[in-house]
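Each chain, written out:
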Amino acid sequence: MIYMYKTIPSLLLAACSCCTAYAETRDTAVYRNMQLDNVIVTGSRNKVDTRHLPFTVSRIDRQQISSRLTPSLLTVINEQVPGYFSTARGVLGYGVSTGAAGGMSIRGIGGTPTTGMMVLIDGHPQYMGLMGHPIADAYQSFLAERVEVLRGPASVLYGSNAMGGVVNIVTRQDVEDGVRTHARIGAGSYGTVTTEAANMTRFGRFSSIASASYNRTDGHRANTAFDQSSGFVKLNCRLTDSWTATGDLSLTRFNASNPGTVSAPMTDNDQKITRGVTSAGVEDDYGWTSGAVKAFYNWGRHKINDGYGPQSNNNRPRDYYFRSTDRLWGVNAYQSFRLMEGNRTTVGFDYMDIGGHAWNELLAGGTIETIDTTACEVAGYADFRQDLFRVLTVDIGVRWDYHSQAGAEWIPQFGIVARLPREMQLKGTVSKGFRNPTLRELFMFKPQNAGLKAERLWNYEIAFSHHLTDARLQWGVNAYYIKGDNMIQVVQGKYQNTGPVENWGIECEGRWQASDRLDLHANYSYIHTRYDVAATPEHKTYAGADYRAGRWTLATGLLWISHLTTQTAPKATQSYVLWNARGTYRANSWLTLYVSGENLLAEHYEVHAGYPMPRATFMGGIDLHF
């Protein structure tokens, strides 16, 4: 296995060298597909070719999401995006509170819970009011048309929590009139069952998508059972040729159990969580100008038994449940203009009201209050992007953000793109990221400090990419340096703005359509952290292949993780290789059979210290299209 750790990077570099030497005649259909693959909305608020943006953005399309055959988007992102890492603790489910997984980070910025990077659904911020982080179990594969991951600060457009980067989930859509339904049913190891369905309808100016899922597992350890029900509805109506009205609603409810670490097992550490998000808005598009106004509301209800164990509560059951409700409502408004040839200028306004109520519900009757408060945040921003001489693009942005507790913050960014001959691009950015303290850090539990200020960092980056449409190859490499201070840490039993951060690294990714049947894709990231950061691998490499032959599709991939910091005090690291594989057979136009295997090398590894992951697991099932 040690030999494998050493040889995988060499094999990847060799594959990349072969890719760059490959060339064939021009294929018009492939050219068009690759042009579409470059179009994103993250980082600009409107559709734009990534070759005109100075930021480093990875895009994961519907085909890649669907072929992975997993209900959670985090698994797909972890494989496909260099520099990104998310934690796990079992077959299904991440949970919340102590021992939870689903912590996400980009370049070592994010945290567990994830407060240093932003998750969006169609531009709608997803973090919860009290704790200030997203709920990992809410992000299901069936609702996503594509995922766009901006690696690096995006605070000018998206504000607090976008300090490390942004994961924007773009929901599914149908471009043709009619009704289409896709359902998937699967079962496998440890009593795991997954059921998902999505219906897409489009008639004239009206379109809709409705998806639902139910997933459950007994878990690979005692007290790791998990079950979840989720639903999503989105409606679109083109009011005129230039105006569109949208509305959506997403609900998820899950029950999760935390078994504790192997050395300190827990009993009755259970969570019953309900989360909901909804939004409504209007969008306009006149060509020379486009924009949107959207109102949104996030809410949640949580019932948590913190459990007991040999090192918790003197090994006696708790006499209370932790209960909380939280809310976050706000408005996003922006408008983009073409002031001159090659220009796009965007101005925007954000407002959020953040609040929640938490208390302990005594089993003997009565309650003990913890918090019932609100905070607000208001911001304005402007982003100026100008093409020069058809070969350069300059981007300058600034944001002013005011938080009712942390005060005001100025956020600048600057970027430049040079479009070189033969579809090559050279990019450079200097950007500031920030994160306002959460209500939990300000007011809840013993370490709280109402005088906390925003965390801040600067990111310096240079990137090179090449799109060889004739050879059906795309690849890129970038290097970055992150320097920050004012990070919130516990010092002498109290939160303080004292923590430093200094990370630097390189990232590369590539995609090669070797033939009409074979697609190859790979990525690699290296990160050096001057100060230890949990859930951050020093090396992360993924290499995968998809092969199609008639009715059969075969896909496989290797994920190599080296020197993953699982805990910082005392420091513990893990290195491992995961081999995953999937196969499908299209029986007819409406029925497809599939089978998948995870961790086929039966590696023994941990992402959280003390939480061993399952060995080899298998799933099988059917896909229905009608």
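Here, every reference points to the structure presented above.
For the structure given in this document, a descriptive report is provided here. As the structure is a computational prediction, the values presented were derived from the model and not from experiment.

### What to know about the nonpolar core
Part 1 of the reasoning: Among the nonpolar cores identified, the biggest contains 42 residues, and Leu-130, Tyr-158, Val-166, Phe-254 and Met-444 are the most heavily contacted of them.
Part 2 of the reasoning: Elements supplying a minimum of two residues to this core: strand 6 (118-121), helix 5 (155-158), strand 14 (243-257), strand 16 (289-308), strand 17 (320-337), strand 18 (343-362) and strand 19 (367-388).
Part 3 of the reasoning: Not counting residues up to four positions away in its chain, the partners in contact with Leu-130 are Ser-324, Thr-325, Asp-326, Gly-355, Gly-356, His-357, Ala-358, Ile-371, Thr-438, Leu-439, Arg-440 and Met-444.
Part 4 of the reasoning: Ile-65, Ile-106, Tyr-605 and Met-613 belong to the second-largest nonpolar core, a separate cluster that totals 39 residues.

### Regarding helix 4 (residues 73-80)
Part 1 of the reasoning: Here helix 4 lies mainly inside the structure; seven of its eight residues are buried.
Part 2 of the reasoning: For helix 4, the set of buried residues is Leu-73, Leu-74, Val-76, Ile-77, Asn-78, Glu-79 and Gln-80.
Part 3 of the reasoning: N-cap assignment for helix 4: the residue whose side-chain oxygen lies 3.2 Å from the backbone N of Leu-74 is Ser-72.

### Details of the side chain of Gln-80
Part 1 of the reasoning: Assignment of secondary structure puts Gln-80 in helix 4.
Part 2 of the reasoning: Taking relative accessible area as the criterion, Gln-80 reaches 15% and is therefore assigned buried.
Part 3 of the reasoning: Within the structure, Gln-80 has its side chain in polar contact with the side chain of Gln-64 (distance 3.5 Å).
Part 4 of the reasoning: What Gln-80 contacts, discounting residues up to four positions off in sequence, is Ile-60, Gln-64, Glu-509, His-521, Asn-523 and Tyr-542.

### Examining unusual backbone geometry
Part 1 of the reasoning: The linkage connecting Thr-112 with the following residue, Pro-113, adopts the cis geometry, with an omega of 5 degrees.
Part 2 of the reasoning: Tracing the chain through its elements places Pro-113 in the loop between strand 5 (104-106) and strand 6.
Part 3 of the reasoning: Phi angles above zero are rare outside glycine, and Asn-315 is one such case at about 60 degrees.
Part 4 of the reasoning: Within the element layout of this structure, Asn-315 appears in the loop between strand 16 and strand 17.
Part 5 of the reasoning: Relative accessible area serves as the criterion here: at 44%, Asn-315 is assigned to the partly exposed category.
Part 6 of the reasoning: With a phi close to 55 degrees, Phe-389 is a non-glycine residue in the positive phi region.

Cut-offs applied
- Residues numbered from 1 in each chain as written.
- Predicted model: local features only at pLDDT ≥ 70, side-chain atom pairs only at ≥ 80, totals over all residues.
- Heavy atoms only, no water.
- Core = buried A, V, L, I, M, F, W, Y, C linked by side-chain atoms within 4.5 Å.
- Buried < 20%, exposed > 50% of the residue type's maximum accessible area, 1.4 Å probe, protein only.
- Helix = DSSP H or I, 4+ residues; strand = E, 2+ residues; numbered from the N terminus.
- Contact = heavy atoms within 4.5 Å.
- Polar contact = N/O pair within 3.5 Å; in protein donor to acceptor, adjacent residues only side chain to side chain.

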